[in-house]
Amino acid sequence: MGKRGAMSRALVRRETISGYLFLLPSLIFFVGFVVYPMFMCIFTSFFDSTMGRSDIFVGLANYKELFTDPIFLRALKNTVIIVVVSVPVTCAFSLWAASVIYKLQGPLRSAFRCIFYLPVVTGSVAVTVVWKWMYNNYYGIFNYLGKAVGILDKNINWLGDANFALGCIILILLTTSVGQPIVLYVSALGNVDHSLVEAAQVDGATNLQVFWKIKWAQIMPTTLYILIITTINSFQCFALIQLLTSGGPNHSTDTIMYYIYYEAFKLFRYGYGNAMGVILAIIIAIFSALQFRLAKADTSY
Amino acid sequence: MKNNLNSGVHRTTPYKVISVILLVFLALLFLFPLYWIVTGSFKTMKEINSATPVWWPSEWVTTNYEKLFSRQTANLFDITIPFVGKTISGPEVPAAIRWLVNTVWMSVAAMIFTCVTATMAGYALAKKRFIGRKLVFSIIICAMALPKQVILIPLIREMSGLELYNTLWAVIFPIVGWPFGVFLMKQFSETIPGEMLEAARMDGASEIKTFLRIVVPLVKPGIGALAIFTFINSWNDYFMQLIMLSSNSTLTIPLGIAKLQSENSTDYGLIMAGAALAAVPILTVFIIFQKYFTQGITMGAVKG
């Protein structure tokens, strides 16, 4: 008995040492380039910090300034609009597309999955520049098609008009966000417990009933995951804004992420930018927690 | 019963027909931007700037690519030998080729570093019973839920302090540090049978030998998924590249096109040639390794 205890103590020690040695390379990068900067983001948000001079402690001044800064409030509003529109549309669309795709045969199924994923792989820059051309005032196909179908009677400067610019950006964002949710839903729908579906069909349930009463509950964890990743992605919408409108016209398409970039890398106000980063992280955490709550409430019955 | 169900699934209903048609239509719309990039890059200036879209180039010209490749030149590579401080440079080539070399090198380095560190860490978290394991894992999960971009401003200062600013390492290291890979490899490592590890230990195999001979072969599909995932994400990580890289010799292909666009905002032929140069290699990689990629996405979400 005593011998075994000593053995296992030696084993625990060996496991601990080797465990940390295996973790070490990863931890160096994780702590050095993720945890440390996160900590510094919070820390620096309490300072007036810029290039070429030491930081000045200002307490909560950056945060106070944020909530009286009309451009920040505008950016916050735009970001919330983007999230509130794109998250439900992305989830609903990908669920519908996946429900059609997962019933198809092998090659056809992977072809569709692949096509909807292509805009993600193509990369935000390549996707954005081609859309910029399609939205163009004179040579763009949207104006041409609009006039050909008869919806438009004159060319619209899509990206230069504050009424349309944000909508145009959301449309591109949608095409680049449905890829991953579709892949996830196709796999989740394929894993739904078939005995339950069969039992329900025997009891005479309609397809719609089977879907909402059985499948929906079973794919809830996937839905939750998709909601959270789509929310995070939509909050971080940046490349589209920077390449298409640079936040214009007149800050009408600023998002928080773009405004952070603008303050930090154009005006070099690091402390102020970091304060926005902290607020953004808090907002995302609240949204995620909220979705978690709703999803939990939905699965528990 | 089983047959009954199958016939139910495959029965052709009007709803099913309509939705498949709609899906095909949408798939074509999703392919359209890609089609427009490729055909646009071969159109003449006149066809590009026509108010009535030219759906198919009447003649395929390579002038846009010629323009892209004759714009600027750069060395094919510049390698500084550590400690000696000597720099070896490659022959002079069009700048766009250098962007491509930089992007490939950056993505491959990020991929290799991520796979090695994440496989080791994932194995440790899944199979080693050490003190503090749960704590390390919860920190990793929390970090994954945070927006990546909030760390960018502090990263710039850190990289300047380490004298890595405006080098490709400044982009590579934060990608390696991002904990998704560890999480994914932990999921894959959970499937390793404990008895095999126990048997290896009984045989007196060293930890490293056990890892290389038993763990790595068993989690190979996971490594494949992570490799392709990291490669594609690094290639397209525009924001990080934008703030970390500035000189002509460190530009990547996404940055190069963004620069093309800001300098020649109306020469869409040239910009489409750049976009094609960025998109075609990465799309090829994606289509070849699609299976692994899909597996990686699904595995990463299992307990997400």
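Remember, predicted model here, so these are calculated numbers, not experimental data.

Some details on the overall build of chain A
Right, on to step 1. Looking only at helices and strands, chain A features 14 helices and two strands.
Right, on to step 2. Radius of gyration (C-alpha) of chain A: 25 Å, far over the 19 Å computed for a compact globule of 301 residues.
Right, on to step 3. Its C-alpha atoms give chain A principal-axis dimensions of roughly 85 × 70 × 35 Å.
Right, on to step 4. In chain A, buried positions account for 54% of the 301 residues.
Right, on to step 5. For chain A, the proportion of contacts with a sequence separation of at least 24, taken over those separated by at least 6, is 66%.
Right, on to step 6. Total accessible area computed for chain A in this model is approximately 13,900 Å², and 67% of it derives from carbon and sulfur atoms.
Right, on to step 7. In chain A, 21 positive and 13 negative side-chain charges are present, and the distance between their average locations comes to 9 Å.

Describing the packing of helix α2 (residues 14–41) of chain B against helix α15 (residues 268–288) of chain B
Residues and elements named next belong to chain B.
Right, on to step 1. Interhelical geometry of α2 versus α15 gives an angle of 125 degrees and a closest axis separation of 8 Å. By the angle between their directions, the pair α2 and α15 is classed as oblique. The interaxial crossing formed by α2 with α15 has left-handed handedness. Residues L34, W36, I37, G40 and S41 of α2 pack against G269, M272, A273, A275, A276 and L283 of α15.
Right, on to step 2. Here the residues of the contact of α2 with α15 are counted per class, giving eight nonpolar, three polar and no charged.

Quick word on the interface of chain B and chain A
Right, on to step 1. Contact with chain B, which involves 98 residues of that partner, is made by 91 residues of chain A.
Right, on to step 2. In total, about 8,500 Å² of surface goes out of reach between chain B and chain A, with carbon and sulfur atoms giving 77% of it.
Right, on to step 3. Counting the contacts that link chain B with chain A gives four salt bridges.
Right, on to step 4. Across the pair A:E15 and B:K128 runs a salt bridge whose closest N-O atoms are separated by 3.4 Å.
Right, on to step 5. At the boundary of chain B and chain A, one finds twelve residue pairs in polar contact (both at pLDDT 80 or more).
Right, on to step 6. No other element matches α2(B), which puts 16 residues into the side of chain B that touches chain A.
Right, on to step 7. When grouped by side-chain class, the residues that make up the side of chain B that touches chain A number 72 nonpolar, 17 polar and nine charged.

A look at the pattern of salt bridges
Right, on to step 1. A complete count under the given rule lists 13 salt bridges over all chains for this structure.
Right, on to step 2. Among the ionic pairs, B:R98 bridges to B:D78, the shortest N-O distance being 2.7 Å. Of this pair, B:R98 sits in helix α5 (residues 95–127) while B:D78 sits in strand β2 (residues 78–80), and the two are 20 residues apart along the sequence.
Right, on to step 3. The class for B:R98 is buried, based on a relative accessible area of 6%.
Right, on to step 4. Exposure remark for B:D78: the relative accessible area of 29% places this residue in the partly exposed category.
Right, on to step 5. Look at the salt bridges and you will find they share partners, linking A:R14, A:E15, B:K128, B:E198, B:R201 and B:E207 into a network.

Quick word on the domain arrangement of chain A
Residue and element names in this part refer to chain A.
Right, on to step 1. The domain architecture assigned to chain A consists of domain 1 (2–44) and domain 2 (61–299).
Right, on to step 2. Averaged C-alpha coordinates put domain 1 and domain 2 at centres separated by 37 Å.
Right, on to step 3. Of the residues lining the interface, four residues belong to domain 1; the matching set on domain 2 comes to four residues.
Right, on to step 4. Between domain 1 and domain 2 lies a buried interface of about 310 Å² when both sides are counted; carbon and sulfur atoms form 63% of it.
Right, on to step 5. In terms of surface lost to domain 2, no three residues of domain 1 exceed C41, I42 and T44, which account for 100% of the buried area on that side.
Right, on to step 6. For the pair domain 1 and domain 2, the interface holds zero salt bridges.

Basis of the calculations
- Residues numbered from 1 in each chain as written.
- Chains lettered and ligands numbered in written order.
- Predicted model: local features only at pLDDT ≥ 70, side-chain atom pairs only at ≥ 80, totals over all residues.
- Heavy atoms only, no water.
- Helix = DSSP H or I, 4+ residues; strand = E, 2+ residues; numbered from the N terminus.
- Rg over C-alpha atoms; globule rule 2.2 N^0.38 Å.
- Buried < 20%, exposed > 50% of the residue type's maximum accessible area, 1.4 Å probe, protein only.
- Contact = heavy atoms within 4.5 Å.
- Areas by Shrake-Rupley, 256 points an atom, 1.4 Å probe, with all protein chains shown as cover.
- Lys, Arg positive; Asp, Glu negative; His and termini not counted.
- Charge placed at Lys NZ, Arg CZ, Asp CG, Glu CD.
- Axes fitted to C-alpha atoms, helices over the stretch in contact; angles between N-to-C directions.
- Parallel < 35°, antiparallel > 145°, perpendicular 65-115°, else oblique.
- Left-handed = near helix turned anticlockwise from the far one by under 90°.
- Nonpolar A, V, L, I, M, F, W, Y, C, P; charged D, E, K, R; others polar.
- Buried area = accessible area lost by both parts, 1.4 Å probe.
- Salt bridge = Lys/Arg side-chain N within 4 Å of Asp/Glu carboxyl O.
- Polar contact = N/O pair within 3.5 Å; in protein donor to acceptor, adjacent residues only side chain to side chain.
- Domains from an automatic or database assignment.

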